[in-house]
Amino acid sequence: MTTKQHIKSHLGKELFRTEDGFVKVFGPDYTKSGILNEALNQSRVEETDLNIPKIKSIEVVDGQWSITMDYIEGKTLSQLMAQNPDKEDEYLELFVDLQRTVLSKRVPMLNKLKDKMQGRISDAKLDATTRYDLHTRLDSLPKHYNLCHGDFHPSNIIITKDGTPYIIDWAHATQGNASADVATTYLMFYLEGKEQLAEKYLKLYCLKSDTAKQYVQKWIPIVAASRLTKAKPEEDEFLRRWIDVVDYE
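How each quantity is defined
- Residues numbered from 1 in each chain as written.
- Predicted model: local features only at pLDDT ≥ 70, side-chain atom pairs only at ≥ 80, totals over all residues.
- Heavy atoms only, no water.
- Helix = DSSP H or I, 4+ residues; strand = E, 2+ residues; numbered from the N terminus.
- Rg over C-alpha atoms; globule rule 2.2 N^0.38 Å.
- Contact = heavy atoms within 4.5 Å.
- Areas by Shrake-Rupley, 256 points an atom, 1.4 Å probe, with all protein chains shown as cover.
- Lys, Arg positive; Asp, Glu negative; His and termini not counted.
- Charge placed at Lys NZ, Arg CZ, Asp CG, Glu CD.
- Phe/Tyr/Trp six-rings, centres within 6.5 Å; stacked < 30°, edge-to-face > 60°.
- Buried < 20%, exposed > 50% of the residue type's maximum accessible area, 1.4 Å probe, protein only.
- Pairing = 2+ DSSP bridges.
- Axes fitted to C-alpha atoms, helices over the stretch in contact; angles between N-to-C directions.
- Parallel < 35°, antiparallel > 145°, perpendicular 65-115°, else oblique.
- Left-handed = near helix turned anticlockwise from the far one by under 90°.
- Nonpolar A, V, L, I, M, F, W, Y, C, P; charged D, E, K, R; others polar.

Undergrad: Any chance you could break down the overall build of the protein chain for me, citing the residues and the numbers?
TA: Of the regular secondary structure elements, the protein chain holds nine helices and ten strands. Here the C-alpha atoms of the protein chain give a radius of gyration of 18 Å, agreeing with the 18 Å that 2.2 N^0.38 yields for 249 residues. Judged by the C-alpha coordinates and their principal axes, the protein chain covers about 60 × 45 × 35 Å. Considering only contacts in the protein chain between residues 6 or more positions apart, those separated by 24 or more positions represent 64%. If you sum the accessible surface of the protein chain, you get close to 13400 Å²; carbon and sulfur atoms cover 49% of it. Taken as two groups, the 34 positive and 38 negative side-chain charges of the protein chain have centres that lie 2 Å from each other.

This is how it looks when you write it as structure tokens:
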């Protein structure tokens, strides 16, 4: 009989460690298609040379879907940054380098980022004029096919004892414009109240990638609108403030 060690509950999922690895058990709010799409995303990214957990099985037990994958032993980059504030710049450098590595990959079978964002903007509770403006802006931005994580955050990077970084949680992976993924990370730092870290991150990414800051900023209202559909109540007002269709100066 397999023993389970409960790790935590997160967004309607229960996370366990077992002898087989790491098990993610989905609650009733998750659709079969959404769960299978998450597993498919991760399986496709496994075909790159990135360090990510490998999926071992997908099962239904007592009516609940679950995905079992490799368990990666270590600390998240978020934990390390909190425990060693004097090393923030060093960890941020690693974080940006990892994101640039991810964005350098191609996974042609993934869903298109632009299609996903267009759908989310349509579903957002915004007035028709704002939605039209956002759709038009999104359509005008260049089509790229970089591997986008969709939730690239220090909490989704595990550093093992030997210093190897693993990137986890590929549920939102798509192929699209790298700057959209960067804008997403930037907004996530702001949502946590880490404005200084957000600005330091964006400056470092733009420097290392030779990307104009203004180009990333063009994506921020679009990313904010696409996140609005699944925002927590306390995030709603914050995201709406970023959905300003006036160009950044």
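Back to the write-up after that little detour.
Undergrad: Outline the packing of aromatic side chains, supporting the account with residue identities and numerical values.
TA: A complete count under the given rule lists ten aromatic pairs for this structure. When the centroid spacing of 5.3 Å and the interplanar angle of 70° are considered together, the rings of Phe-26 and Tyr-30 count as edge-to-face. With 5.2 Å between their ring centres and 75° between their planes, Tyr-190 and Trp-242 make a pair best called edge-to-face. With Tyr-190 in helix H6 (residues 178-191) and Trp-242 in helix H9 (residues 233-242), the pair connects residues that are 52 residues apart, well separated along the chain. A residue is classified by how much of its surface remains accessible, and Tyr-190, at 17% relative accessible area, is buried.

Undergrad: Give me the lowdown on the pairing of strand S4 (residues 55-61), citing residues and values where you can.
TA: Pairing of S4 with strand S5 (residues 64-69) involves six bridges; the strand directions are antiparallel. By the bridge assignment for S5, Ile-58 is matched with Ile-67. Between the end of S4 and the start of S5, which pair antiparallel, lie two residues, with Asp-62 showing a positive phi angle near 50°.

Undergrad: Please provide a residue-by-residue account of the environment of Phe-26, values included.
TA: Within the secondary structure layout, Phe-26 lies in strand S3 (residues 21-26). As a C-alpha pair, Phe-26 and Leu-11 span 15 residues in sequence and 9.3 Å in three-dimensional space. For Phe-26, the contacting residues outside a window of four places in its chain are Gly-12, Lys-13, Ile-35, Glu-38, Gln-64, Trp-65, Ser-66 and Ile-67.

Undergrad: A description of the packing of H6 against helix H7 (residues 195-209) should follow, citing residues and the corresponding values.
TA: Packing of H6 against H7 leaves a shortest axis separation of 7 Å and a crossing angle of 160°. Considering their axes alone, H6 and H7 lie roughly antiparallel with respect to each other. Two packed elements cross with a definite hand, and for H6 against H7 that hand is right-handed. Where H6 abuts H7, its residues Ala-178, Val-182, Thr-185, Tyr-186, Phe-189 and Tyr-190 lie against Glu-195, Leu-197, Ala-198, Glu-199, Tyr-201, Leu-202 and Tyr-205. Residue composition of the contact of H6 with H7, grouped by class: ten nonpolar, one polar and two charged.

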